[in-house]
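Breakdown of the fold
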Amino acid sequence: MKSFTYEKAQSPTAAAAARGKPNAKFIAGGTNLLDLMKLEIETPQHLIDVNGLGFDKIESTPQGGLRIGALVRNTALAADPKVRRDYAVLSRALLAGASGQLRNKATTAGNLLQRTRCPYFYDTNMPCNKRKAGSGCSAIGGATRSLAVIGSSDACIATNPSDMAVAMRALDATVEAIDAAGKTRSVPIADFHRLPGDTPHIETTLKPGELITSVTLPKPLGGKQIYRKVRDRASYAFALVSVAAIIKPDGAGRVVLGGVAHKPWRVEAAESELPRGAKATAAALLQGARPTTDNKFKLTLVERTLAAVLSEAKG
Amino acid sequence: MGTAATIALGVDPSSSGAQTSPPPVAAVANGVGIGPVLANVSFSVNGSRRALELDTRTTLLDALREHLHLTGTKKGCDHGQCGACTVIVDGQRINSCLTLAVMHEGSKVTTIEGLGTPDALHPLQAAFIRHDGYQCGYCTAGQICSAVAMLDEIKAGVPSHVSDDLTAQPSLREPELRERMSGNICRCGAYSNIVEAITEFAGRPA
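Residues numbered from 1 in each chain as written. Chains lettered and ligands numbered in written order. Predicted model: local features only at pLDDT ≥ 70, side-chain atom pairs only at ≥ 80, totals over all residues. Heavy atoms only, no water.

The next thing to look at is the overall build of chain B. The secondary structure content of chain B amounts to seven helices and five strands. Along its sequence from the N terminus, chain B presents helices and strands in the succession α-β-β-α-β-β-β-α-α-α-α-α. The proportion of buried residues among the 206 residues of chain B is 51%. Counting only contacts in chain B whose residues sit at least 6 apart along the sequence, the fraction spanning at least 24 positions is 48%. If you sum the accessible surface of chain B, you get close to 9000 Å²; carbon and sulfur atoms cover 53% of it. (Helix = DSSP H or I, 4+ residues; strand = E, 2+ residues; numbered from the N terminus. Buried < 20%, exposed > 50% of the residue type's maximum accessible area, 1.4 Å probe, protein only. Contact = heavy atoms within 4.5 Å. Areas by Shrake-Rupley, 256 points an atom, 1.4 Å probe, with all protein chains shown as cover.)

Structure follows, in structure tokens:
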């Protein structure tokens, strides 16, 4: 690990200002950042510890929704009585991710910002446009079984590894951030994560120095809320494919895919196909997919996982 | 805001809340890297207050093992994948390899040495012996710290991936214990005996 100086942030704006220092990074749970620092994939020279800033509450909003502090831990969020009752898809997605130990540390904002698990991003001996802009993509033509089938580019075929973000997309959450001047900004989750394009190293639409303060959920949507994750082990593994779904009694609803793209994959137009079943919905969701020989199984897996979800929603 | 040079030397006036002291080795402010940076931190370990001056890079795991010589906590993968380093911080189990010691000012840390001793075993340690819950023993301290805090999570009503009803009190059934312990790997494969030991301990009168 490279050396770094360390400070405890005294206020959100001071933290955002310190982020302007050369090669500075925020640290909260640290479960992803420290892993990457040990491998020298991340090499910050200055860490700003934001854990003391509060932002650890879950509060009702005047609109009837929930404001989740950026520092609320994944365990606390999954176990919150209101989340369990009204936003079950979010609880289920969180509980499907990582391990008990990691969920106790990992934060809401950190989960949104976690980096890809593409094996070539982790292998510092191999070119990776995400790790070093312009160096090339070793995954294309390499081992691609776990990688993206849609929304990818000639520069990057990595996936976003988050389960939580897939549920947040289904719930249409909003990410709130603050900058060094104290200016706040709300970003709909749909616009928060970027597709790779020519700049896969830029993963979100946060501006440099902006600090996430909370994530807000709109008022409860009702319906059957399901998160189904398909992975190589029964527990503690990243998704090959996952489906977050909110299905109303009349069969209408929302579906979002995880494990297939650089961001949670939702195509709102495809949701009108839901009453027609999994095959039609999957076809509409995956229109334009560019799978590889090694990961085209994900297209079939999406349809089958969706079928299981729709069947569970009826039951 | 300081200049690059003042930041690299750790004397940036804007970081008044920082606990870092100037690095002992001349820093290189050319953007390539900086020398080691020391910082002070104090936290409680198994009931005793411990104050340390550490390289900022020191994980809680290395602080416990290399600086406080509490070698019961084990380093397995050092990347949060195996759970051998699990300790209990402020009542919650965490991977001590994936957190910096300097982030734990004022924390209360419990390691395996704080749960039991050879002369006064924790009842879960005794249950592991009775049920042969290990072969090589390298993962055992992490398994036991993890299980003790995991049972508190069940008591607190934290649901799991395998809980049928998110809003019901979770059970102590085997699938629940296995799911909740999935962050602790045992390469010897003693899982069935580990589950038996935890089940026995969980079922005993408080």
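Turning to the pairing of strand 2 (residues 48-55) of chain B, a few remarks are in order. Residue and element names in this part refer to chain B. Where strand 1 (residues 38-45) and strand 2 come together, eight bridges link them in antiparallel fashion. Bridging across to strand 2, Val 45 finds its partner in Ser 48. Between the antiparallel neighbours strand 1 and strand 2 lie two residues, among them Asn 46 with a positive phi of about 50°. (Pairing = 2+ DSSP bridges.)

A separate point is the sheet that holds strand 1 (residues 5-8) of chain A. Residues and elements named next belong to chain A. If you walk across this open sheet you meet the three strands as 1-3-2, and the pairing is parallel. Of all strands in the sheet, those with a lone pairing partner are strand 1 and strand 2 (24-27), marking the two edges. Looking at each pair of strands side by side, their axes are set apart by 25° on average, direction ignored. With four bridges joining them, strand 2 and strand 3 (residues 46-49) adopt parallel strand pairing. The residue of strand 3 that forms the bridge with Lys 25 is Leu 47. (Axes fitted to C-alpha atoms, helices over the stretch in contact; angles between N-to-C directions.)

Turning our attention to unusual backbone geometry. Here the phi dihedral of Asn 23 of chain A falls at roughly 55°; this positive angle occurs in a residue that is not glycine. Among the secondary structure elements, Asn 23 of chain A is positioned in the loop between helix 1 (12-18) and strand 2. The backbone phi angle of Asn 46 of chain B is positive, close to 50°, even though this residue is not glycine. For Asn 46 of chain B, the location among the structural elements is in the loop between strand 1 and strand 2. Of the residues examined, Asn 46 of chain B reaches a relative accessible area of 27% and is grouped as partly exposed.

Time to look at the interface of chain A and chain B. The interface of chain A with chain B comprises 46 residues on the first partner and 57 residues on the second. A buried area of about 4100 Å², summed over both sides, lies between chain A and chain B, and 58% of it is on carbon and sulfur atoms. Looking only at chain A, the three residues that lose the most surface to chain B are Tyr 6, Arg 84 and Gln 101 of chain A, adding up to 17% of its buried area. The tally of links from chain A across to chain B stands at one salt bridge. Across the pair Asp 78 of chain B and Lys 38 of chain A runs a salt bridge, and its minimum N-O distance is 2.8 Å. There are 22 residue pairs in polar contact (both at pLDDT 80 or more) connecting chain A and chain B. Elements represented by at least two residues in the side of chain A that touches chain B include exactly strand 1, helix 2 (33-38), strand 3, helix 3 (74-79), helix 4 (81-86), helix 5 (88-95) and helix 6 (100-105) of chain A. Examining the composition of the side of chain A that touches chain B, we find that five residues originate from one element, helix 6 of chain A, more than from any other. (Buried area = accessible area lost by both parts, 1.4 Å probe. Salt bridge = Lys/Arg side-chain N within 4 Å of Asp/Glu carboxyl O. Polar contact = N/O pair within 3.5 Å; in protein donor to acceptor, adjacent residues only side chain to side chain.)

All names here are of chain B. Between its first and last C-alpha, helix 7 (residues 191-203) extends 18 Å over 13 residues, near the 18 Å set by a 1.5 Å rise per residue. Among all positions of helix 7, only Ile 194, Val 195, Ala 197, Ile 198 and Phe 201 are buried. All buried residues of helix 7 lie within an arc of 160° about the axis, which places them on one face of the element. Residues of helix 7 that are buried sit in contact with helix 4 (123-131), helix 5 (140-155) and helix 6 (174-180). (Expected span 1.5 Å × (residues − 1). Arc of directions from axis to C-beta.)

Grouped together as the largest cluster of nonpolar side chains are 39 residues, with contacts concentrated most on Leu 77, Leu 90, Leu 112, Met 168, Phe 192 and Leu 217 of chain A. Once you skip the residues sitting within four places of it in the chain, Leu 77 of chain A turns out to touch Ile 58, Ile 68, Val 72, Val 83, Leu 90, Ser 91, Leu 94, Thr 108, Met 164 and Met 168 of chain A. (Core = buried A, V, L, I, M, F, W, Y, C linked by side-chain atoms within 4.5 Å.)

For the rest of this paragraph, the subject is the sheet that holds strand 5 (residues 108-110) of chain B. Residues and elements named next belong to chain B. Pairing is mixed in the open sheet, where five strands are placed in the order 2-1-5-3-4. Edge positions in the open sheet fall to strand 2 and strand 4 (92-95), since each of these has one partner strand only. Going across the sheet, the axis of each strand differs from the next one's by a mean of 40°, ignoring polarity. Bridge count between strand 3 (residues 86-89) and strand 5: two bridges; the pairing is antiparallel. By the bridge assignment, Ile 88 is partnered in strand 5 with Thr 110. Packing against the sheet, helix 2 (residues 60-67) makes contact with strand 1, strand 2, strand 3, strand 4 and strand 5, and its axis sits at approximately 105° to strand 2.

With that out of the way, let us pick up the pattern of salt bridges. This model, assessed by the stated rule, comprises 29 salt bridges over all chains. Taken together, the shared-partner salt bridges in this structure form one network comprising Arg 169, Asp 172, Arg 254, Arg 266, Glu 268 and Glu 271 of chain A.

Function cannot be inferred from these measures alone, as they are strictly geometric.
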